Amino acid sequence: MPQSIRSTTAARAAVFAPVAGGGRAELVAQRLTDAIELGLLSHGERLPSETEMARQFGVATVTTREALEALRELGLVETRRGRDGGSFVIAEGSRTARIDRRVKALSRVELRDMGVYYSAIAAMAAELAADRSTPDDIQHLHATIDATDASAETSSRRGEGTFRLEVAALSQSARLVREELRLQAEFAPLLWLCLREETHRVRSREAHLAVVAAIEDFDGERARRLTVAHIAGAIEWLLDAKAELERRG
Amino acid sequence: MTIATRSSVVDAVTAVDTTFGTVFEQIDSWRAAIERHVGARHGAVTVADIDEVVEALVVPGLSAANALIIGAGFVASPGFISDAEWHLAWWLGHANTFGVGSADPALRRLEAEEDPSSESFRDYTTLEWWRVPAATDAPHITGPYVDYLCTDDYTLTLTVPVMYDGRMIGVAGADLYVNDIERTLLPHVRAIGSTATVINASRRVVVSTDPHRPTGAILRPDDAAEQIACGQTSLVLVLG
């Protein structure tokens, strides 16, 4: 019989404490993701039913359903039907294996669409930044690029996120920044999968330098074009990687 | 220019100076209190210690109804506090919706990432609200800028260096929403009757009567436009 959730410790109880505010499905999904990453919920464990979780979190059932859907997409939960059915935690395998599973689970259409949407946000941010940046801002962007070590994957991932966020901030649009942050949380590990390879880490650095040069020249059009091309390149790599994963089965 | 418009220009300049001056006075009183406390401890301060002092200083202002300040506190120089390399003692007011997505959040502590090895860690000493006071030893207005660290919104941050034994041990500061500043200042600026724009020291637009000069844009220098410094602040009123 599958083990069900018991709030044996305060930490575990906190996992299912009520969530406040908007974006509740994301908050519920985040809470569960964190708990799985931290090992508070272990592999094979059965989560409470959608209705029971909704009661504990203090949200609507449709919200927990949405959260579980997100976790299924991340490969963190699988749902089985039948008498002994329910949603079960998947905590085995490395981060790489989990991301690979997610790449395989998403269709080509979804991956491309993700790229298009992210591109719309990031390119508009770059275009506006070119019109609204001071020499001090430019210097700050250069410092961000210099702080990134292209020989290391973790540093490059963090550097990619920081650079994009800084450019979004220079657009002076709070909504663009919030959207950039949201999309980074949702897509970044997938979108920038190419940073696994050093060639792409170097290419990313060159792309950032080119965008900064365009911003420095007040050339919004060029900043936009370079950003779109950089993101399109990352998506092409991702689709090739997906094809390769599918070939290997 | 008529005398009437001249007096409206003076009124607008005074409004800018008073609005920011009042906030700076408040921050300066926090700075003095923190310096007194650190002096009494001969520079040996712990996280628990500084948090208690800063919370008692900034929370009353954040709790006030219609408070212009939406976040406030003290950010320590790396290595100054004995039991934390990096530390932000910062509180967010009721009007600040950062991280909660709710229209009426409670007054709360900012939970900042202080572990440099974490992916979401940000080295705050590279940020303008830190860098400028550290370089000039003087109060500074940062922004308008989108602050993704403390407010998630379009913000102005006012910071003052806090000193001990001749060196900077941190900054005391406060966050204001650009929205609130626009609401406060625009009526005064509009009363001038012709195109008028308040810009910061980097020539970034804070508020303008011209709808084609968006807040956040850089106002290119124009020799024909008259520029008037707004009192003790680094802000400038540009006419025309």
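Conventions used here
Residues numbered from 1 in each chain as written. Chains lettered and ligands numbered in written order. Predicted model: local features only at pLDDT ≥ 70, side-chain atom pairs only at ≥ 80, totals over all residues. Helix = DSSP H or I, 4+ residues; strand = E, 2+ residues; numbered from the N terminus. Rg over C-alpha atoms; globule rule 2.2 N^0.38 Å. Buried ≥ 20, exposed ≤ 12 C-beta atoms within 10 Å, placed from the backbone. Expected span 1.5 Å × (residues − 1). Pairing = 2+ DSSP bridges. Axes fitted to C-alpha atoms, helices over the stretch in contact; angles between N-to-C directions. Contact = placed C-beta atoms within 7 Å.

### A short note on the overall build of chain B
When helices and strands are counted, chain B shows four helices and 10 strands. When its helices and strands are written in sequence order, chain B yields α-α-β-β-β-α-β-β-β-α-β-β-β-β. Taking 2.2 N^0.38 as the reference for a compact globule, 240 residues should give roughly 18 Å; the C-alpha atoms of chain B span a radius of gyration of 19 Å, in line with that estimate. Taken over the C-alpha atoms alone, chain B extends approximately 60 × 40 × 35 Å along its principal axes. Here chain B holds 240 residues, and 42% of them are scored as buried.

### Topic: helix H8 (residues 153-170) of chain A
All names here are of chain A. The terminal C-alpha atoms of H8, which comprises 18 residues, lie 26 Å apart, in line with the 26 Å expected from a rise of 1.5 Å per residue. Listed in full, the buried residues belonging to H8 are Ser-156, Arg-157, Gly-159, Glu-160, Phe-163, Arg-164, Glu-166, Val-167, Ala-168, Ala-169 and Leu-170. Just beyond H8, the residue with positive phi is Gln-172, at close to 65°.

### Quick look at the sheet that holds strand E9 (residues 226-229) of chain B
Residues and elements named next belong to chain B. Read from one edge to the other, the open sheet built from four strands follows the order E8-E7-E10-E9, with strand pairing classed as antiparallel. Single-partner strands in this sheet number two, and they are strand E8 (205-208) and E9. Each adjacent strand pair in this sheet contributes to an overall mean axis angle of 25°, direction not counted. Taken together, the three bridges between strand E7 (residues 196-199) and E8 define a ladder with antiparallel strand orientation. Each residue of the ladder has a partner; that of Thr-197, found in E8, is Ser-208. Along the sheet, helix H4 (residues 178-190) makes contact with E7 and E8, crossing E8 at roughly 50°.

### Points about unusual backbone geometry
Residues and elements named next belong to chain B. The step from Gly-143 to Pro-144 runs through a cis peptide bond, and the omega angle for that step is 10°. Structurally, Pro-144 is set in strand E4 (residues 140-147). At Asp-165, a residue that is not glycine, the phi angle is positive and equals roughly 55°. Residue placement: Asp-165 occurs in the loop between strand E5 (153-164) and strand E6 (167-177).

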